[in-house]
Amino acid sequence: MKRAIKATMDSTVSEREKKNAVLSKETAEEGMVLLTNAGGLPLEEREIFLFGVGARHTAFGGTGSGENRPRYKVNIEQGLINNGFTVLNKEYLDEYDALYEASYQAWKKQTKEALKKVNKLESLDYTSSHPFFPPEGRDLKEDELPSGQKSAAVYILTRKAGEGCDRLLAKGDYFITDEELAFLKRLKACFSKLILVLNVGAVMDLSFLKEVQPSAVLLLMQAGMETGNALGEVLAGKKTPSGKLADTWGEKYEDYPSSSTFSYLKGDPTYEEYKEGILVGYRFFDAEQIKPLFPFGFGLSYADFQLNYSDIKLEGSSVTVSFQVSNTSQKYAGKEVVQVYLSCPEGKLKKEVKSLVGFKKTPLLTPGEKSELTISFDLKDSASYDEKSASYILEKGIYYVLAGNSSASLTPVCSLTLNEDIITEKLMNICTLKSKLEEIEIPVLKREFKVSKDFVIDPQAFKTKTIDYTSDLRLGGEEVEKIIARLKDKDLAHLVVGTSYLGVSHHTVFGAGGYTTSKFYSKGIDNMPMSDGPQGLNVTPVAKKQKQNFVNTPALPEALTGGLLGKILKEPKVGTKGCYYQYMTAWPCETEVAQTWNEELMENIGRATGEEMEEIGLVFWLAPAMNIHRNPLCGRNYEYYSEDPLLSGKTAASVTKGVQSIKGKYVTLKHFACNNLETKRNKSNSILSERALREIYLKGFEIGVEEGGAKGIMSSYNLINGVYSPNNHDLLTNALRYEWGFKGLVMTDWFATGHDTAYSGLGVLAGNDLIMPGIPKDVKEVEKALKEKKITRQDLEISARRIIALDLESYR
C-alpha cells in the first residue's frame, strides 16, 4: 500500500488551525514567568510607548530545526493593539523599521560575498557563526517624551540563537549593549512605569536590573505564533502569568560551573570536559551556596497563594503528599505550581543538596477558591549510581521531603529513615572514561530539617532489578517475518538507510525532512515521512505537485537561498491553481513549554501535533529535543526543556503520550546524548563520568521511554568518551534497549555519519537502525561492512524488523 498526498487544496483557515492557535496562546500565557513586579503589572494604562527590536521584529523562536512556518505570526505591537492598547510612538517604530531593513540587506550582501570563499560543506556553520545582529535604535527626542504624570513604556529586549553555533559571551548576545542600557535608563527616568519584556530563548545576563530597576520584568521567551496576543492578554491583566523557571538564572555568568571551559571559550570546542559531574544548574548553586538572581522553579503571579500540606502517606517505597492550595488574593484568578524535592543523606556517594522528585499545577483558582493536589514519587528513583559496583544504591540515612513553589522557597514536610543500604538496580558499566577526569569536589553540607512527621522505610519494600544483557532483541510477528524473507542482503542495506530530500521517488508530504526508503513497495514496505521540529511541524505551507516543492529547508538562512536553490525553494502564491496547503501550528519554544509545569497542557500539545501529523500524512515527528541546559550559551537551549532531568523527562513523556495517542504517529526523542553544545558539534567529544551521564544526561530520555513510551530516538552528532553516538553500543543497546526496554527505532541525526565522523556501516551493530537522511555512499558503506564481515545479515535483520514493524503499525 502506497501512502498518498493528504495535504488539502482548500486555502481557508481550518477549525483545527483555530483550535490549535488557542492552545498555542494558552501555552504561551502559562509559560511566561513574572520575575519582578513593583506595581508595574498588570498595566492600568492603555496608552503606552513601545520600544525595542522585538516590538515589531519579534523573535517567535530560534533558528534551525526548531523553526516552522504557520499561516501567521502575531508580533508584539499587533498583539498589544489587539488587546486594547494604543501605541503612541508608531512614527519612531516606522523609522526603526527602515534602519532595520537597511542593516539586514547590508548583512545579507556581506554574507553572500563571504560565502563565495567558504567551503560549501561549511556554509551553514559560517552563517550560524556570523548571525545578523539588529541595529540599535536612536535616542528619544525631547518632543517624543510623555507630557503627563502617568506614562508607561514597554521595552522588548530580544535575543535569538539556534542550530550550528553557540551563543557569544558578548554584548548584543549574552550581555546587553551599552546602547540598550543607556536607553533603558533614559526610559526609567522619563516614564512613571517601565515594563521590561524578555523576548529571549535562554538565560542571559540580567545584572543590569539593579541599575535600571524596572517596574516589572516579564520573561516572555519565544512564544510561537500567538506571541503578541498572549503577551497582550498578560500585560492587560486578562490572564495571570503562572510560569515557573525551568533554569537557574545566575547573578553572573561565572556562577555556572562550566563558564570558563564551555565550547569555544577554551579555544578548542572539539572536546568538552563535564568537570561539574552531577552538579548542573541548581544542584551546583546549592552545593557552592551561591545565591542566584532567580532560582529554579521561581515565578511570581498577580494572585497570592497559600500552600499547606494536608496528608503524607508511605506505601512501600512510594511517598504521596497531599496539599491544599488557596488563592488568597482579592482580585486575580491564577494557577500555582507545587514542587516536591528530596534531600538524600551523605554516604560514600556524595550527593546534591536536593533534587526535584515531583510537581503539579493547580487548575485556575478564583479569589478565595481552594484546590486539593496529590504528588507521588518512588524513593527508588532517587537512588545514586555507584560506578564501582555498576549499581544504583539508596544509602542508609535520613531522607527529607521538602515542598514549596520554587527551589528556594521550601518547607520540610517529613523525613524517611532507611536503616540499611539498598541496591535498587544491578547494571553494567557503560560509556566509561578513556582518561582521568578531575571532577569538582561535591562539598559536604549539613542536612538537618525540623519535620512534624517521621517514617521508617521497610527495606523489604525494595526489590533489586537485575538486567539481562543477553536477551533476544529481535522483534517478531508473522507479517514482519514474511517481508524479511523476501529481502536480499542488498535490500536490507537500502532499508537501513533513509532517502535524502531529492532522492526519494515517492513524495507524499511537501517539505518533509526525510523519508525511509521507497524502494520496496512491491515487498510490502512503504516509506515513512518525517518532519522537524520542536516548535511545530516544519513543512512547506504552500506547494504544488512538483518534485521541487517537496523540498523544505527553512533552516537555511536567506543568504544561502539565492540562485538555483532559491528557484527550487520558491513557493507558489496562495490561490494559484493546483496548490496544496499545509499550515501547521507554531508552538512556544520548548523551554517555555517546560515553564508551564503543566503536564496536561503538555500532553494536549502532543495530541494536537499528532492530529496535524495525521492530517498531512507524517509518521515521525523529529522531536521532542531534550538535551540538558548545561550552560546558558548553548545555541539550541531554546529547543530544549530544562537544566533538570526530571522536568525534562516528564515534559517529554507528556508530549510523547499526546502524539502517540494518535495511531501510527511517533515521536523521536533527540539528541541522544550529551549534545550540549553546537559549535563543532559533529567533532565534539563529551567527556564525563558514568554517574553524571546516567543521573543527569540520560535520565530525561529514560523517563521519556519508560513513562512516555517513545517509539523513536535520534542519536546525536557528538562522541561520548571517545565513541560517536551512532556507533555507541553501550548507549543505543545496553542502556536504551536492555535497561529501559525500548522497542522502537533509532535513527541518526542528519548527515551525522561520514566526513571523518561516525561510520555508517557499523550503525546497526551499535543499535542505530537508520542512517538519515541517507545518501548512496551510506548504502555502499553498509554493503562494504557486510562483505568484510564487520556486520552480519542477522545484524541488518534486527534493525530491519524494527523499521518494518513501525511501518506496518503506522497503517493500522
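Procedures and definitions
Note on numbering: residues in each chain are counted from 1, in written sequence order. The predicted nature of this model means local features are confined to residues of pLDDT at least 70 and side-chain atom pairs, given and counted, to a pLDDT of 80 or more, with totals for whole chains, interfaces and linings taken over all residues. Hydrogens are left out, water is left out, and the side-chain values use all remaining heavy atoms of the structure. Here a strand is any run of E in DSSP of at least two residues, a helix any run of H or I of at least four, and the numbering for each starts at the N terminus. Radius of gyration: C-alpha atoms only; globule rule: 2.2 Å multiplied by the number of residues to the exponent 0.38. Only protein chains enter the accessibility calculation, which uses a 1.4 Å probe; a residue whose area is less than 20% of its type maximum is buried, one above 50% is exposed, and one in between is partly exposed. Two residues form a contact once any of their heavy atoms are found within 4.5 Å. Calculation of accessible area relied on Shrake-Rupley with a 1.4 Å probe; when residues are assessed, cover is drawn exclusively from the protein chains displayed. Any two strands with at least two DSSP-identified bridges between them are counted as paired. Put simply, a disulfide is two cysteine sulfurs that come within 2.5 Å. In these notes, a set of buried Ala, Val, Leu, Ile, Met, Phe, Trp, Tyr and Cys residues joined through side-chain atoms within 4.5 Å is what counts as a nonpolar core. The angle between two axes is taken between their N-to-C directions and runs from 0 to 180 degrees, where each axis is a line fitted to C-alpha atoms and a helix contributes only its stretch in contact. The directions considered for the arc are those from the helix axis to the C-beta atoms. What counts as a ring pair is set by centres within 6.5 Å for rings of Phe, Tyr and Trp (its six-membered ring), and what kind of pair is set by the plane angle: stacked under 30 degrees, edge-to-face over 60, tilted for all other angles. Lining residues are those with an atom within 4 Å of a point, where the points come from a 1 Å grid over the protein atoms alone and group into cavities, where a 1.4 Å probe fits but cannot get out, or pockets, open sets with protein on both sides within 12 Å along at least five of seven lines. Grid points are joined across faces, edges and corners, and a volume is the space filled by probe spheres set on the points. Three residue categories are used. Nonpolar comprises Ala, Val, Leu, Ile, Met, Phe, Trp, Tyr, Cys and Pro, charged comprises Asp, Glu, Lys and Arg, and polar comprises the others, including Gly. Confidence of the predictor at the level of single residues is captured by pLDDT, which takes values from 0 to 100. Salt bridge, as used here, is a side-chain nitrogen of Lys or Arg placed within 4 Å of a carboxyl oxygen of Asp or Glu. By definition in this entry, angles of less than 35 degrees are roughly parallel, angles greater than 145 are roughly antiparallel, angles of 65 to 115 are roughly perpendicular, and the rest are oblique. Note: crossing handedness is left-handed where the near helix turns anticlockwise from the far helix by less than a right angle, and right-handed where it turns clockwise.

A count of helical and extended segments in the chain gives 20 helices and 31 strands. The C-alpha atoms of the chain give a radius of gyration of 26 Å, which matches the 28 Å a tight globule of 812 residues would have. Once the C-alpha set of the chain is aligned to its principal axes, its extents read approximately 80 × 75 × 50 Å. The proportion of buried residues among the 812 residues of the chain is 62%. Restricting the contact set of the chain to residue pairs at least 6 apart, pairs at least 24 apart contribute 79%. A total of about 30,800 Å² of accessible surface is found on the chain, and carbon and sulfur atoms cover 50% of it.

It is worth spelling out the pairing of strand β17 (residues 422-426) at this point. Both faces of the sheet carry side chains from a regular strand, because those side chains alternate between them. Two strands pair when backbone bridges link them, and strand β14 (residues 391-394) and β17 are joined in this way by four bridges, in the antiparallel orientation. By the bridge assignment for β17, leucine 394 is matched with isoleucine 422. Sheet topology places β17 next to strand β19 (residues 465-466); two bridges connect them, and they run parallel. Pairing of glutamate 425 across the sheet is with lysine 465, part of β19.

To continue, consider the state of the cysteines. If you walk through the whole model with that rule in mind, you get zero disulfides. The closest cysteine sulfur to the non-disulfide-bonded cysteine 344 is located on cysteine 414, 13 Å from its own sulfur. Given the relative accessible area of 6%, cysteine 344 is considered buried.

Our next topic: the nonpolar core. The biggest cluster of nonpolar side chains holds 147 residues, and the ones touching the most others in it are Leu35, Phe51, Phe208, Leu235 and Phe672. Setting aside anything within four residues of it in sequence, one finds leucine 35 in contact with Leu198, Leu206, Val217, Leu219, Leu245, Phe294, Phe298 and Leu300. Core analysis: the next-biggest nonpolar cluster, separate from the first, contains 38 residues, Met530, Val619, Tyr717 and Met747 among them.

The strand order across the open sheet formed by six strands is β1-β6-β5-β4-β2-β3, and the pairing between neighbours is mixed. Unpaired on one side and paired on the other, β1 (33-37) and β3 (86-87) mark the two borders of the sheet. Taken together, the three bridges between strand β2 (residues 47-51) and strand β4 (residues 152-158) define a ladder with parallel strand orientation. Looking across to β4, one finds that phenylalanine 51 is bridged to tyrosine 155. Those strands touched by helix α5 (residues 178-190) are β2, β4 and β5 (193-199), and its axis lies near 165° from that of β4. Along the sheet face, helix α7 (residues 227-236) touches β4, β5 and β6 (216-219) and points at about 150° away from the line of β6.

For helix α9 (residues 478-485), the complete set of buried residues consists of Val480, Ile483 and Ile484. The buried residues of α9 all sit within an arc of 100° when viewed along its axis, so they share a single face. Opposite its buried face, α9 presents the exposed residues Glu478 and Ala485, each directed more than 90 degrees away. The secondary structure elements touched by the buried residues of α9 are α10 (489-495) and α20 (793-809).

Further remarks concern the packing of aromatic side chains. Within the structure shown, the criterion is met by 31 aromatic pairs. Ring plane angle 45° and centroid distance 5.9 Å describe the contact between tyrosine 155 and phenylalanine 183, whose orientation is recorded as tilted. A residue pair is termed long-range when its members are at least 10 positions apart, and tyrosine 155 in strand β4 and phenylalanine 183 in helix α5 qualify at 28 residues. Summarising the burial analysis for this pair, tyrosine 155 and phenylalanine 183 share the class buried.

This part takes up the sheet that holds strand β31 (residues 745-747). Reading across from one edge, β26-β28-β31 is the order of the three strands in this open sheet, with parallel pairing throughout. Because the sheet does not close on itself, it has two edges, and the strands there are β26 (669-672) and β31. If you compare each strand with its neighbour and ignore which way they point, the axes differ by 25° on average. The pairing of β26 with strand β28 (residues 712-715) spans two bridges and is classified as parallel. Bridge assignment links phenylalanine 672 to a residue of β28, and that residue is serine 715. Against the sheet, helix α16 (residues 699-706) touches β26 and β28, its axis set at about 150° to β26.

Glancing now at the layout of surface pockets. What the second largest pocket holds in volume is close to 910 Å³. Along the wall of the second largest pocket there are 37 residues; nearest its centre are Lys380, Asp381, Ser382, Leu646 and Lys699. If you list the elements that add at least two residues to the lining of the second largest pocket, you get β11 (355-361), β12 (370-378), β17, α14 (645-660) and α16. Looking at which element gives the most residues to the lining of the second largest pocket, the answer is β11, with six residues. Partitioning the lining of the second largest pocket into residue classes produces 13 nonpolar, seven polar and 17 charged.

For the rest of this paragraph, the subject is the confidence of the model for the chain. This prediction gives the chain a mean pLDDT of 94; 96% of its residues lie at or above 70. The low-confidence segment residues 553-559 (pLDDT under 50) makes 20 contacts with residues lying over four places distant or belonging to another chain.

This paragraph deals with unusual backbone geometry. The omega angle of the peptide bond from phenylalanine 672 to alanine 673 is 5°, so this bond is cis rather than trans. Of note, alanine 673 is situated in the loop between β26 and β27 (685-687). Following methionine 772, the chain continues into proline 773 via a peptide bond in cis, with omega recorded as 0°. Turning to its location among the elements, proline 773 is positioned in the loop between α18 (763-766) and α19 (776-787). A positive phi angle, near 55°, is found at glutamine 289, a position not held by glycine. The backbone phi angle of lysine 680 is positive, close to 55°, even though this residue is not glycine. Note on placement: lysine 680 falls in the loop between β26 and β27.

Right, let's talk about the pattern of salt bridges for a bit. Applying the stated criterion across every chain yields a total of 68 salt bridges. Of the charged contacts, one joins arginine 186 and glutamate 142 as a salt bridge, the two residues approaching to 3.1 Å between their closest N and O atoms. One end of the pair, arginine 186, is in helix α5; the other, glutamate 142, is in the loop between α4 (123-129) and β4, with 44 residues separating them in the sequence. Its relative accessible area of 61% is what places glutamate 142 among the exposed residues.

A word on the environment of lysine 160. Mapped onto the secondary structure, lysine 160 falls in the loop between β4 and α5. Here lysine 160 is in contact with Ala59, Gly61, Gly62, Thr63 and Gln222, once residues within four sequence places are set aside.

Let us now look at the environment of phenylalanine 60. With respect to the helices and strands, the residue phenylalanine 60 is situated in the loop between β2 and α2 (76-82). Once you skip the residues sitting within four places of it in the chain, phenylalanine 60 turns out to touch Lys73, Val74, Asn75, Gln222, Ala223, Gly224, Thr227 and Gln535.

Looking now at the packing of helix α1 (residues 15-31) against helix α13 (residues 599-616). Direction vectors running N to C along α1 and α13 enclose 150°, while the axes themselves pass 11 Å from each other. Classed by the angle they form, the pair α1 and α13 counts as roughly antiparallel. When the axes of α1 and α13 are compared, the crossing they make is left-handed. Taken together, the residues of α13 that come into contact with α1 (itself represented by Arg16, Lys19, Asn20, Leu23, Glu26, Thr27 and Glu30) are Leu601, Asn604, Ile605, Ala608, Glu611, Glu612 and Glu615. Along the lines of polarity and charge, the residues of the contact of α1 with α13 split into four nonpolar, three polar and seven charged.

Helix packing geometry: the angle between the two helix axes and the distance between the axes. Orientation of α1 relative to α7, taken along the N-to-C sense of each, is 50°, at an axis distance of 9 Å. Regarding the angle of α1 to α7, the classification is oblique. Judged by the sense of rotation from one axis to the other, the crossing of α1 with α7 is right-handed. Taken together, the residues of α7 that come into contact with α1 (itself represented by Lys25, Ala28 and Glu29) are Asn229, Ala230, Glu233 and Val234. Considering only residue class, the contact of α1 with α7 consists of three nonpolar, one polar and three charged.

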